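# A closer look at the structure
Listed below, chain by chain, are the residues.
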Amino acid sequence: MVIPPGLLPEGLSDRLPPQAEASARLTRRVLDTVAAHGYERVMPPLAEFEDTLTQRLKSMRPQDLVRAVDPVSQRSLAFRPDMTAQVGRIAATRLAAAPRPLRLSYAGPVIRQKASQLRPEREKLQLGAELIGTDSTAAAVEIVNVAIEALQAAGVTGLTIDFTLPDLIDTLAAGPLPLDAREVEAVRTELDAKDAGALVALSPAAAAYLPLIEATGPFHAAMERLEAFDARIGGALASRIAGLRAIAKPIGWDITLTLDPTERHGFEFQNWFGFSIFAEGFIGEIGRGGSYAIARADGADEPAMGFSLYPDPLIDAGFGGESPRRIFLPLGSDAERAAALRAEGWHTVAALANGEDGAAQRCSHWLDGDEVRAY
Ligand SMILES: N[C@@H](Cc1c[nH]c[nH+]1)C(=O)O
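Because the structure is a prediction, the values reported are computed rather than measured.

Another point: the site of the ligand. By nearness alone, 15 residues border the ligand, and Thr84, Glu130, Arg288, Ser308 and Tyr310 come closest of all. The contact in question runs from a nitrogen atom of the ligand to an N or O atom on the side chain of threonine 84, over 2.7 Å. Here an oxygen atom of the ligand sits 2.6 Å away from a polar atom, N or O, in the side chain of arginine 288. Against a free-state accessible area of 300 Å², the protein chains account for coverage of 99% of the ligand. If you map the ligand onto the pockets, it falls in the largest pocket. Mapped onto the shell around the ligand, the elements with two or more residues apiece are strand S6 (123–132), strand S11 (287–295) and strand S12 (301–309). Sorting elements by how many residues they give to the shell around the ligand places S11 first, with 4 residues. Taken together, the residues that form the shell around the ligand break down as 4 nonpolar, 8 polar and 3 charged.

Here you go:
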């Protein structure tokens, strides 16, 4: 088979001007916002040993990874599918002795073997922040609010945050609504499908989970239904419900809150709390986060809370775009005048030979002696 020159593997693509610049600008805005809340940047490598990438977080799935054999070590390497696992490794190893809570941020591409159903890309830009050392309600309040602020700093409006309780079924199955291991999977599947009939048909034990299908939708109404359900099962979810209420409280009225307590898609390693972020006009989530545990070298687990944003759809839609003022400098233009224009925010495009066309270089203006002139 002959591969045409310039063809990239499926799901990988170039970012060209002006989107490449918009992507960098949006990244800067998000990272600056996160940094203003005390999160310090780390830059893990693009690939690492497969086992160090999968062992740190519960249920990182090897089938998600793009792998290669490292010719140097002869070991299996994998491209990172999610930087949260790498930040966890850093926190558990090189920064094990750093004071907690530890606040770290990151930005860079992540690669997965399979694209999602909604978007064909296998490489995505991921930006995020992780708060390591606690998974308290206070940590969740901070993480959710920093995520919202970061998106607002990038100009995104019309946000919806969907709360979930990723380990809800496990908690209930091990406590007030017992299920055996096989039933747990079946109940999860029917709750995912929100198929009330199929859930009831499984068994009387499974049918007890039915009210969870109704505890979905706009936050306050859904929370009332979840509370009513909890009252009937003896209050096993009381601390989680109080946590959700506390997290929701400081969130601005301009943000839509919803609850989907059994949602687990995309929450492979999160435990008591998870959230997805949606923006009006965009299909699928643009961010996600929650609480999780990092496996430390001594076998103990360290609690953590964080979020990741996937801003590519925003960039495609023009966020982060800004047309810089571009001015053409004909041959022989004064270097100091040009430097002064750059200091004012102009982007200067210098002629390298006679007869060049500044307009063709997408300049709106040109320098005529000392004068700035529009084309
Ligand atoms: N990295 C996770 C989100 C997350 C960050 N921290 C905790 N959870 C994801 O992209 O799905």
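Another aspect to go through is the layout of surface pockets. A water-sized probe, rolled over the atoms, reveals where empty space remains. In this structure, the largest pocket encloses a volume near 1000 Å³. Taken together, 37 residues make up the lining of the largest pocket; nearest its centre are Arg112, Ser116, His265, Gly266 and Arg288. Elements supplying a minimum of two residues to the lining of the largest pocket: S6, S11, S12 and helix H12 (312–316). Partitioning the lining of the largest pocket into residue classes produces 9 nonpolar, 14 polar and 14 charged. The calculated volume of the second largest pocket comes to roughly 330 Å³. Lining the second largest pocket are 15 residues, with Pro18, Glu322, Pro324, Arg326 and Arg362 positioned closest to its centre.

For the rest of this paragraph, the subject is the packing of aromatic side chains. The final tally for this structure, using the stated rule, is 7 aromatic pairs. Centroid distance phenylalanine 273 to phenylalanine 275: 5.6 Å. Interplanar angle 25°. Geometry classified as stacked. Taking the relative accessible area as the measure of exposure, phenylalanine 275 reaches 0% and is therefore buried. An aromatic cluster is built from Phe163, Phe219, Trp272, Phe273 and Phe275, whose rings are joined through pairwise contacts. Sitting above the plane of the tyrosine 39 ring, arginine 103 keeps its charged end 5.8 Å from the centroid. Against the face of tryptophan 346 rests arginine 325, its NZ or CZ located 4.3 Å from the ring centre.

Rules and cut-offs
Residues numbered from 1 in each chain as written. Predicted model: local features only at pLDDT ≥ 70, side-chain atom pairs only at ≥ 80, totals over all residues. Heavy atoms only, no water. Near = heavy atom within 4 Å. Polar contact = N/O pair within 3.5 Å; in protein donor to acceptor, adjacent residues only side chain to side chain. Areas by Shrake-Rupley, 256 points an atom, 1.4 Å probe, with all protein chains shown as cover. 1 Å grid on protein atoms, 1.4 Å probe; cavity = no way out; pocket = protein on both sides within 12 Å on 5 of 7 lines; lining within 4 Å. Sits in = over half its atoms within 2 Å of the grid points. Helix = DSSP H or I, 4+ residues; strand = E, 2+ residues; numbered from the N terminus. Nonpolar A, V, L, I, M, F, W, Y, C, P; charged D, E, K, R; others polar. Points joined across faces, edges and corners; volume = space filled by probe spheres on them. Phe/Tyr/Trp six-rings, centres within 6.5 Å; stacked < 30°, edge-to-face > 60°. Buried < 20%, exposed > 50% of the residue type's maximum accessible area, 1.4 Å probe, protein only. Lys NZ or Arg CZ within 6 Å of the ring centre and 35° of its normal.

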